[in-house]
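A structural walkthrough
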Amino acid sequence: MSEQHITWHPSQIGREDRCRLNKHKSCVLWLTGLSGSGKSTLAYEIEKELFNLNCRSYVLDGDNIRHGLNRNLGFSPEDRKENNRRIAETAKLFVDAGIVTVTAFISPYRADRDMARSIFGNGNFIEIYVKCSLGECERRDPKGLYKKAKAGEILEFTGISAPYEPPLRPEIIIESDRQPVSESVAQILDFLLFHNYIFKEIPDRS
Ligand SMILES: Nc1ncnc2c1ncn2[C@@H]1O[C@H](COP(=O)(O)OS(=O)(=O)O)[C@@H](OP(=O)(O)O)[C@H]1O
Ligand SMILES: Nc1ncnc2c1ncn2[C@@H]1O[C@H](COP(=O)(O)OP(=O)(O)O)[C@@H](O)[C@H]1O
């Protein structure tokens, strides 16, 4: 698709202006990991904790986005790439709007995650590897998908019949088969506090 007749319209309000108003910075927390590793569980816990700290946050979750924006995509490598690209572009809009954006997608391919990273400026993309052994994910099997995949009822299932490429240099590693949810959430919030994305004393706006 040619972009030669399309013009970018700049806003008079920049991301920095919105972050000043919010009294915290925006960024994307890009959770990646196997199905059942705990991405959704952690994403919604982080969102809740950030809300309680008076920070603006929002979760983009794989299952939910595939019900709407990406309903036309399947699980071939090409479709996963396009899925991850659209999510990254969507998250970029949220980050530009000043929101701490939490994405929860398997995003199994390193190249696709690197592509997502390249869409954001330096320091705005925080890759979080939700590390969990395949055995533990299969044991949890919260949606019964591993059982179906092993029975051949779901094709190209990550970890069973499709690959997962672990991150090489993620900003954060969560070992969800070794640490409780509360510890993982605290680890992520500590990272945001330490790097001055958020602050403990943000005033209540209500
Ligand atoms: N073939 C196959 N492989 C992996 N996952 C599958 C598949 N088919 C359906 N599902 C369900 O879809 C969820 C993964 O969607 P994502 O958008 O996160 O995947 S990806 O980033 O495009 O790889 C995934 O959600 P999570 O379990 O939350 O990870 C599954 O519920
Ligand atoms: N330490 C833990 N961290 C995250 N999830 C855990 C942990 N222990 C057990 N679980 C459970 O594992 C399941 C993970 O499912 P989910 O969050 O949907 O994963 P994903 O989004 O990666 O597919 C949930 O039922 C959650 O309660």
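Not measured: the values here are computed from a predicted model. (Residues numbered from 1 in each chain as written. Chains lettered and ligands numbered in written order. Predicted model: local features only at pLDDT ≥ 70, side-chain atom pairs only at ≥ 80, totals over all residues. Heavy atoms only, no water.)

**What about the site of ligand 1?**
The environment of ligand 1 is made up of 21 residues, and the closest members are Ser-35, Arg-66, Asn-83, Ser-107 and Lys-143. At 2.8 Å, a side-chain N or O of Arg-66 approaches an oxygen atom of ligand 1. Across the complex, the protein chains shield 93% of the 630 Å² of accessible surface that ligand 1 would expose by itself. Of all elements in the fold, only helix H3 (62–65) and helix H4 (77–96) reach the threshold of two or more residues within the shell around ligand 1. For the shell around ligand 1, the element with the most residues is H4, which contributes three residues. (Near = heavy atom within 4 Å. Polar contact = N/O pair within 3.5 Å; in protein donor to acceptor, adjacent residues only side chain to side chain. Areas by Shrake-Rupley, 256 points an atom, 1.4 Å probe, with all protein chains shown as cover. Helix = DSSP H or I, 4+ residues; strand = E, 2+ residues; numbered from the N terminus.)

**Topic: the UniProt feature "domain: APS kinase" (unreviewed entry) in the chain**
UniProt marks residues 25–174 with the feature "domain: APS kinase" (unreviewed entry), using the numbering shown here. Structurally, residues 25–174 comprises 41% helix and 17% strand, and the distance from its first C-alpha atom to its last is 23 Å. (UniProt positions renumbered as here; feature names shortened; annotations may be inferred.)

**Re the site of ligand 2**
Taken together, 14 residues surround ligand 2, and among them Gly-36, Lys-39, Ser-40, Thr-41 and Gln-179 come closest. Contact between ligand 2 and Leu-34: an oxygen atom at 3.4 Å from a main-chain N or O atom of the residue. If ligand 2 stood free it would expose 570 Å²; the protein chains cover 74% of that surface. Looking at the shell around ligand 2, the element that brings in the most residues is helix H2 (residues 39–52), giving three residues. Taken together, the residues that form the shell around ligand 2 break down as four nonpolar, eight polar and two charged. (Nonpolar A, V, L, I, M, F, W, Y, C, P; charged D, E, K, R; others polar.)

**Re the side chain of Asp-112**
With respect to the element layout, Asp-112 can be found in helix H5 (residues 110–119). Among buried charged residues, Asp-112 stands out as having no salt bridge; its nearest opposite-charge side chain is Lys-81, 5.4 Å away. The contacts of Asp-112, once residues within four sequence positions are left out, are Pro-77, Arg-80, Lys-81 and Asn-84. (Buried < 20%, exposed > 50% of the residue type's maximum accessible area, 1.4 Å probe, protein only. Lys, Arg positive; Asp, Glu negative; His and termini not counted. Salt bridge = Lys/Arg side-chain N within 4 Å of Asp/Glu carboxyl O. Contact = heavy atoms within 4.5 Å.)

**Here we look at H4**
The end-to-end C-alpha distance of H4, which contains 20 residues, comes to 28 Å, matching closely the 28 Å that a straight helix rising 1.5 Å per residue would cover. Along H4, the residues that are buried comprise Arg-80, Asn-83, Asn-84, Arg-86, Ile-87, Ala-88, Thr-90, Ala-91 and Val-95. Tucked into the core, H4 has its buried residues touching helix H1 (15–22), strand E1 (27–32), strand E2 (57–61), H3, strand E3 (100–104) and H5. Gly-98 sits one or two residues past H4 and shows a positive phi near 90°. (Expected span 1.5 Å × (residues − 1).)

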